[in-house]
Amino acid sequence: MSGELGCAREYKVELVFVQVQNANGQALAAPVQWGGEELRGVARVQWGRVANDVSEAVVTVSGAPDGAMCCSQIEKILPHAYELRIWRDGELVWEGPISQDVETSLGGDYVITARDVIDWLEGENGRPNLFNLNYPGSDPVTIARDILVRNLTDTWAVPNDYPMVLDYLYTSLAGETIAWAPGLVVERIMDLWEELTDYGLNFTTLGRSIYLTGRADTTTPVMAQLTQEDTNSPIVVTQDGEELGNVGIAVRPNADSDLPPTLFIQGSPNSIYRPAYRVVDVDKAVGTTTARRAAQRAIAGRTVPPLIVTMDGNAQLYPTAPIQINEIICGWTRIDFVAAGRGTEGLCKPVQQAMTCASMNVEWVPGLEKVQVALVPLGAPVVITEEA
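The model shown is predicted, which means the values in this text are computed figures rather than measured ones.

(A) Layout of the overall build of the protein chain. Regarding its fold elements, the protein chain presents four helices and 23 strands. Its C-alpha radius of gyration of 24 Å places the protein chain within 12% of the 21 Å reference for a compact globule of 388 residues. Dimensions of the protein chain, computed from the C-alpha atoms along their principal axes, are close to 75 × 60 × 35 Å. Each of the 388 residues in the protein chain was classed as buried or not, and the buried ones make up 46%. For the protein chain, contacts bridging at least 24 residues in sequence account for 69% of all contacts bridging at least 6. With an accessible surface of roughly 18600 Å², the protein chain has 49% of that area assigned to carbon and sulfur atoms. Taking the 27 positively charged and 49 negatively charged side chains of the protein chain as two groups, their mean positions are separated by 4 Å.

Structure, rendered in structure tokens:
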């Protein structure tokens, strides 16, 4: 832990032009960023982060007659050619290409929508994979990185690394070895990454950087420890028998659709809770060891009725929360929540729950900032005993 969340005093939004051609229309060897020109008249800034998806930023420029809207800035903006860069008290928090801008007459506001740099890898015009994929034994993070690098440095990536992400890529291995060989699959890169999340991959962004990492779990070092005093959301603890699982079954389809699938079964039905089954589907391209691990993961933490700690998906963190905003890396940062002692704020069954941030949404208008997070549990909570 290195400080508090704080309440931003100032936001600055920059327009950045990314040049990919010279004056003659020929491709540059590498893209070049120009400018960093501050956008005038900003009345509201909304931005976010999210695990395993693309985040958005929306910037509103006031169209009021007494506003500071600058037409010379607005008229030159081109989606995808220009990007937004968002600074919070001098710290870069978000960056990505402009996807849409909307101007309204009669004094209406001007609204810019942008998406983070993973936008180049998904959607209708995102980069598809054009290579044969065959990984007999690799970490899912290594696979995800290899797919990205190969597809952003081939002859169809003009110029090479046109999203400008390879120099900012951060990787941390998931610690899993999987066999994954789907062959030539022409799908968006992000869609392939989403498949790899089933085997331990987590992807997100921080500023311009793409983070390819393993998922946070109960062995991940704790970045911050929150209590009820750090959020406006009540904490709910549920002991849920519907989440039981002592037998995990992974179903892998056969390459020949006329043949039955292969089953991989882990665990034991011998339990005081009686048999409880969890069934998961795995891709036909995964190997035997990977399929067995999937069956085992299906029942991890479920052999007794799990305690599930939840909080409002729009929980707002207070400025005194003991975590800085760029320490919140969705899906990778571990944030523990402690609820102890019934009183007016605690629980009869005090617990410490390991959690991670699934998404974060921030809204700023001059003088006021709101930081909302969606925290999801990692494994079973630890019941705090009186001796502890």
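(B) Up close: the environment of Tyr11. Among the secondary structure elements, Tyr11 is positioned in strand S1 (residues 11-21). Measuring from C-alpha to C-alpha, the distance between Tyr11 and Pro366 comes to 8.3 Å, with 355 residues separating the pair along the chain. Residues in contact with Tyr11, not counting those within four places in the same chain, are Val45, Trp47, Ile86, Trp87, Arg88, Val362, Trp364 and Glu369. In terms of polar contacts, Tyr11 uses its side chain to reach the side chain of Trp47, at 3.0 Å.

(C) Inspection of the pattern of salt bridges at higher detail. Under the definition given, this model contains 18 salt bridges. Here Glu95 and Arg85 are joined by a salt bridge, their closest N and O atoms 3.5 Å apart. One end of the pair, Glu95, is in strand S6 (residues 91-103); the other, Arg85, is in strand S5 (residues 82-88), and ten residues separate them in sequence. The same class applies to Glu95 as to Arg85, namely buried. The partner of Arg115 in a salt bridge is Glu122, with the nearest N and O atoms 2.4 Å apart. Its relative accessible area of 15% is what places Glu122 among the buried residues. What emerges from the salt-bridge pattern is a single network uniting Lys12, Glu14, Glu83, Arg85, Glu95 and Arg208.

(D) Layout of the nonpolar core. With 48 residues, the main nonpolar core has Trp47, Leu84, Ile86 and Met360 as its most contacted residues. Examining the composition of this core, we find that six residues originate from one element, strand S21 (residues 351-365), more than from any other. Judged by nonpolar contacts, the second largest core, of 37 residues, contains Trp120, Leu121, Trp193 and Ala291.

(E) Examining the side chain of Arg115 more closely. Counting through the fold element by element, Arg115 comes out in strand S7 (residues 110-115). Within the local environment of Arg115, its side chain forms a polar contact with the side chain of Glu122, the two groups lying 2.4 Å apart. Dropping the residues within four chain positions of it, Arg115 is found in contact with Val54, Ser55, Glu56, Trp94, Gly96, Pro97, Ser99 and Glu122.

(F) Examining a nonpolar patch on the surface more closely. Together, Leu130, Trp156, Leu184 and Val186 make up an exposed nonpolar region whose accessible area comes to about 480 Å². Note on placement: Leu130 falls in the loop between S7 and strand S8 (132-138).

(G) Spotlight on the environment of Phe131. The topology assignment puts Phe131 in the loop between S7 and S8. Separated by 48 residues in the primary sequence, Phe131 and Glu83 have C-alpha atoms spaced 29 Å apart. Excluding anything up to four places from it in sequence, Phe131 contacts Arg150, Asn151, Asp154, Gly183, Leu184 and Val185.

(H) Representation of the sheet that holds strand S9 (residues 170-172) within the structure. Spatially, the three strands line up as an open sheet ordered S9-S12-S11, and their pairing is mixed. Each edge of the sheet is formed by a strand with only one pairing partner; in this case those strands are S9 and strand S11 (201-206). Here the strands of the sheet are splayed against their neighbours by 15 degrees on average, with no regard to which way each runs. Examined bridge by bridge, S9 and strand S12 (residues 209-214) share three bridges and lie parallel to one another. Within the sheet, the bridge partner assigned to Ser172 lies in S12 and is Thr213. Where helix H2 (residues 140-152) meets the sheet, its contacts fall on S9, S11 and S12, and the angle it forms with S12 comes to roughly 150 degrees.

(I) The arrangement of the packing of H2 against helix H3 (residues 189-196) in detail. One can describe the packing of H2 onto H3 by two numbers: an axis separation of 10 Å at closest approach and a directional angle of 170 degrees. It follows that H2 is roughly antiparallel to H3 by the angle criterion. In this structure, H2 uses Pro140, Ile143, Ala144, Ile147, Leu148 and Asn151 to contact H3, whose residues at the interface are Ile189, Leu192, Trp193 and Leu196. The residue makeup of the contact of H2 with H3, split by class, is nine nonpolar, one polar and no charged.

(J) Molecular detail of the packing of aromatic side chains. Under the definition given, this model contains eight aromatic pairs. Aromatic pair Tyr11 and Trp364: ring centres 5.1 Å apart, planes at 35 degrees, arrangement tilted. Here Trp364 lies in strand S21 and Tyr11 lies in strand S1, a separation of 353 residues in the sequence. Measuring from centroid to centroid gives 6.0 Å for Tyr211 and Trp332, while their planes differ by 55 degrees, and the two rings are tilted. Here Tyr211 is found in strand S12, whereas its partner Trp332 is found in the loop between strand S19 (315-317) and strand S20 (334-339), with 121 residues between them in sequence. In textbook terms, an aromatic cluster arises when at least three aromatic residues are bridged by ring pairs, as seen for Tyr170, Tyr211 and Trp332.

What counts, and at which threshold
- Residues numbered from 1 in each chain as written.
- Predicted model: local features only at pLDDT ≥ 70, side-chain atom pairs only at ≥ 80, totals over all residues.
- Heavy atoms only, no water.
- Helix = DSSP H or I, 4+ residues; strand = E, 2+ residues; numbered from the N terminus.
- Rg over C-alpha atoms; globule rule 2.2 N^0.38 Å.
- Buried < 20%, exposed > 50% of the residue type's maximum accessible area, 1.4 Å probe, protein only.
- Contact = heavy atoms within 4.5 Å.
- Areas by Shrake-Rupley, 256 points an atom, 1.4 Å probe, with all protein chains shown as cover.
- Lys, Arg positive; Asp, Glu negative; His and termini not counted.
- Charge placed at Lys NZ, Arg CZ, Asp CG, Glu CD.
- Polar contact = N/O pair within 3.5 Å; in protein donor to acceptor, adjacent residues only side chain to side chain.
- Salt bridge = Lys/Arg side-chain N within 4 Å of Asp/Glu carboxyl O.
- Core = buried A, V, L, I, M, F, W, Y, C linked by side-chain atoms within 4.5 Å.
- Patch = residues over 30% accessible without salt bridge, like charges linked within 9 Å, V, L, I, M, F, W, Y side chains within 5 Å.
- Pairing = 2+ DSSP bridges.
- Axes fitted to C-alpha atoms, helices over the stretch in contact; angles between N-to-C directions.
- Parallel < 35°, antiparallel > 145°, perpendicular 65-115°, else oblique.
- Nonpolar A, V, L, I, M, F, W, Y, C, P; charged D, E, K, R; others polar.
- Phe/Tyr/Trp six-rings, centres within 6.5 Å; stacked < 30°, edge-to-face > 60°.

From the geometry alone we can't say anything about function, so treat these as descriptive.
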